[in-house]
Amino acid sequence: TQLNGSQCYMRALFDYNPAEDSLLPCKEIGLAFNHGDILQVVNQKDPNWWQAKKVGSNGPAGLIPSQELEERRKAFVKPEADYVHKIGICGTRISKKKKKTMYQSKSNSEFDKAELLLYEEVTRMPPFKRRTLALIGSQGVGRRTLKNRLINSDPDKFGGVVPYTSRTPRVLEEDGRGYWFIDRETMEEDIRQHNFLEYGEHNGNLYGTKLDSIRDVIRQGKMCVLDCSPAALKILHNSSEFMPYVIFIAAPGMEQLKHLYGIGRSIGSSNRNLTFDRASSIRYSSRRARTLESLASLYEEEDLRQTLEESSCLQRTYEKYIDLVVVNEDFDVTFRKVVEALEALSTEHQWVPVNWVY
Ligand code: 5GP
């Protein structure tokens, strides 16, 4: 984006502290900002340093690194991508005991390109409703339950999609209820034609969500609620068609989990025989305790550690797409926060990517 005399607005997708910038000739003229801040860029003539003000603060304009300068700088820093691929993010985690659903993760090169998005041009919009709600997070943090609860709470306002699968229907399974059942060749062809938002393979069968299913829900005037893979965010975010509101459902911290997990049993081989100290559980609201308890009992210690690691890694990797982070400690609280955030969209102005509007 090149500025031609006028000004533009950018959402910062990284933190910047001029006091720590060795390239900046004079620290005082730098403008500090954090990830998510909206910057009004008033001058882009210099290829290395842009002049900008922070929206919502009365401070003076200052210098910020240009996209080009920051790209060059970041090219020298070992990207986190190595780590991301080591643990196999985007749902491709495979533990020794359980093979999780394999989402198709983006290739390295695509991942790297996404990493280089440092500023995103945005525009201020009056209150409006987003078309999709993407609930993102590691597996087992309660996204599906949250999705179903939202849809059941107001079926006129929220809608879900029925995924497609190449698996044969089980007894009593009806087409269009849990899944649309199609043959593998048709599904593979649809995937080649980019008709799927995301897809994955599980036990030799394909599963996936079709873009047309989302379009159908939007056409009915509903917000389409998706508990999709984060790899889908790029597709959702990059066009005005889906205008997603993205909520990251984070796993509660290890400390909180350990607190419950470690009480009333010895950490070791007998992980399955969890017994929770009832007295300590009472210190939590009973719902919260149940959420943590069920989460903890779902996993053995290694899985638990992986879930938490995956959760924070996912959050960092997809930060640029995330509108809101909710730590799921208590299901009722999480549900309320999500509903409140969605209601706020109808009353507050929003900064959205320019390509949603123009
Ligand atoms: P089942 O065949 O037992 O109904 O489901 C098997 C697995 O397929 C589940 O673990 C579920 O997570 C996964 N699955 C269901 N729907 C989808 C989908 O739309 N996309 C992907 N990637 N996986 C799905």
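Residues numbered from 1 in each chain as written. Predicted model: local features only at pLDDT ≥ 70, side-chain atom pairs only at ≥ 80, totals over all residues. Heavy atoms only, no water.

1. As for the sheet that holds strand β7 (residues 132-136)
Backbone-to-backbone hydrogen bonds join strands into a sheet, with any given pair of strands oriented parallel or antiparallel. Taking strand neighbours across the sheet as the criterion, the 5 strands line up as β8-β13-β7-β14-β15 in an open arrangement whose pairing is parallel. A single partner strand is all that each edge strand has here, and the edge strands are β8 (158-159) and β15 (324-327). Where helix α4 (residues 143-153) meets the sheet, it contacts β7, β8, β13 (223-226) and β14 (244-250), and its direction lies at approximately 155° from that of β7. Its contacts with the sheet place helix α12 (residues 331-345) against β7, β8, β13, β14 and β15, and it is angled at close to 160° to β14. (Pairing = 2+ DSSP bridges. Helix = DSSP H or I, 4+ residues; strand = E, 2+ residues; numbered from the N terminus. Contact = heavy atoms within 4.5 Å. Axes fitted to C-alpha atoms, helices over the stretch in contact; angles between N-to-C directions.)

2. Considerations on the nonpolar core
The biggest cluster of nonpolar side chains holds 22 residues, and the ones touching the most others in it are Leu197, Ile214, Leu226, Cys228, Leu233 and Leu236. Residue assignment for this core shows that the elements contributing at least two residues are β7, α6 (211-219), β13, α7 (233-237) and β14. At 4 residues, α6 tops the list of elements feeding residues into this core. Among all residues touching Ile214, those that are not within four sequence positions of it are Thr132, Val161, Leu197, Thr209, Cys224, Leu226 and Phe242. Residues Val141, Met223, Val225 and Leu345 belong to the second largest nonpolar core, which totals 21 residues. (Core = buried A, V, L, I, M, F, W, Y, C linked by side-chain atoms within 4.5 Å. Buried < 20%, exposed > 50% of the residue type's maximum accessible area, 1.4 Å probe, protein only.)

3. Some thoughts on the sheet that holds strand β3 (residues 49-54)
Read across the sheet, 6 strands follow the order β4-β3-β2-β1-β6-β16 without closing on themselves; strand pairing throughout is antiparallel. Sheet topology places β4 (62-65) and β16 (350-353) at the edges, where each strand pairs with a single neighbour. When the angles between neighbouring strand axes are averaged without regard to direction, this sheet yields 50°. Bridge analysis of strand β2 (residues 38-43) against β3 gives 4 bridges, and the strand direction is antiparallel. The residue of β3 that forms the bridge with Leu39 is Lys54. Sitting on the sheet, helix α1 (residues 67-75) touches β3, β4 and β6 (119-125), and the angle it makes with β4 is about 45°.

4. Quick word on the pairing of strand β11 (residues 196-202)
Examined bridge by bridge, β11 and strand β12 (residues 205-210) share 6 bridges and lie antiparallel to one another. Bridge pairing links Glu198 to Thr209 in β12. Counted between consecutive antiparallel strands, the loop separating β11 from β12 contains 2 residues, among which Asn203 sits at a positive phi close to 50°.

5. So, the pattern of salt bridges
It is possible for side chains of opposite charge to pair when their charged atoms get near one another. One pass over the structure, following the stated rule, counts 18 salt bridges. A salt bridge links Arg73 to Glu70, with the shortest nitrogen-to-oxygen separation between them at 2.9 Å. Residue Arg73 and its partner Glu70 are both found in helix α1; the two are separated by 3 residues, about one turn of the helix. With a relative accessible area of 22%, Arg73 lands in the partly exposed category. Classification of Glu70 by relative accessible area gives buried; the value is 3%. Between Arg167 and Glu173 there is a salt bridge, and its shortest N-O distance comes to 2.9 Å. A relative accessible area of 27% places Glu173 in the partly exposed class. A single network of salt bridges, built from pairs that share partners, joins Asp21, Glu70, Arg73 and Lys74. (Salt bridge = Lys/Arg side-chain N within 4 Å of Asp/Glu carboxyl O.)

6. Here we look at the packing of aromatic side chains
Summed over the entire model, instances satisfying the criterion amount to 11 aromatic pairs. Of the aromatic side chains, those joined through ring pairs into one cluster are Phe14, Tyr16, Phe33, Trp50 and Tyr119. Across the ring face of Phe335, the terminal group of Arg149 is positioned such that the distance to the ring centre comes to 4.3 Å. Residue placement shows Lys210 over the ring face of Tyr164; its charged tip is 4.9 Å from the ring centre. (Phe/Tyr/Trp six-rings, centres within 6.5 Å; stacked < 30°, edge-to-face > 60°. Lys NZ or Arg CZ within 6 Å of the ring centre and 35° of its normal.)

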